[in-house]
Amino acid sequence: MNDINTNQLILNLEKLHTTDLGIGRIKKNLSLDVEDVVNWCREKIQNPNASLMRKGKNWYVNIDNCEITINAYSYTIITAHKIKNRF
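Calculation notes
- Residues numbered from 1 in each chain as written.
- Predicted model: local features only at pLDDT ≥ 70, side-chain atom pairs only at ≥ 80, totals over all residues.
- Heavy atoms only, no water.
- Helix = DSSP H or I, 4+ residues; strand = E, 2+ residues; numbered from the N terminus.
- Rg over C-alpha atoms; globule rule 2.2 N^0.38 Å.
- Pairing = 2+ DSSP bridges.
- Buried < 20%, exposed > 50% of the residue type's maximum accessible area, 1.4 Å probe, protein only.
- Polar contact = N/O pair within 3.5 Å; in protein donor to acceptor, adjacent residues only side chain to side chain.
- Contact = heavy atoms within 4.5 Å.

Moving on, we get to the overall build of the chain. A count of helical and extended segments in the chain gives three helices and four strands. Listing the helices and strands of the chain from first to last along the sequence gives α-α-α-β-β-β-β. A compact globule built from 87 residues should have a C-alpha radius of gyration of about 12 Å, and the chain, at 12 Å, falls within 12% of that. Counting only C-alpha atoms, the chain reaches 35 × 35 × 25 Å along its principal axes.

In structure tokens:
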């Protein structure tokens, strides 16, 4: 998290949200059994081991073998999925 632009995501975590469809998609993709998906994502983003990168209109957060995709303008969590090993 050493990129100056990374602070924009961290400074706007209170704006983080998702849709009902997004909640279902994230829970399914990550096999999550949590009530508050947005808070779960927020905690992952704040983890010091998280890798944050902005490409175009989206933020990509990689942590604990998963990738969370967030719209950079609306702070909507679009999806999250497990990172598959490429070996």
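So, on to the pairing of strand β4 (residues 77-82). Across five bridges, strand β3 (residues 66-71) lies against β4 in antiparallel orientation. By the bridge assignment for β4, Ile70 is matched with Ile77. Linking β3 to β4, which pair antiparallel, is a turn of five residues; within it Tyr75 sits at a positive phi near 60°.

Now for the side chain of Asn58. With respect to the helices and strands, the residue Asn58 is situated in strand β2 (residues 58-63). The class of Asn58 is buried, set by a relative accessible area of 10%. Separated by 3.4 Å, the side chains of Asn58 and Tyr60 make a polar contact. Not counting residues within four places of it along the chain, the set of residues in contact with Asn58 comprises Met53, Thr69, Ile70, Asn71, Ala72 and Ile78.

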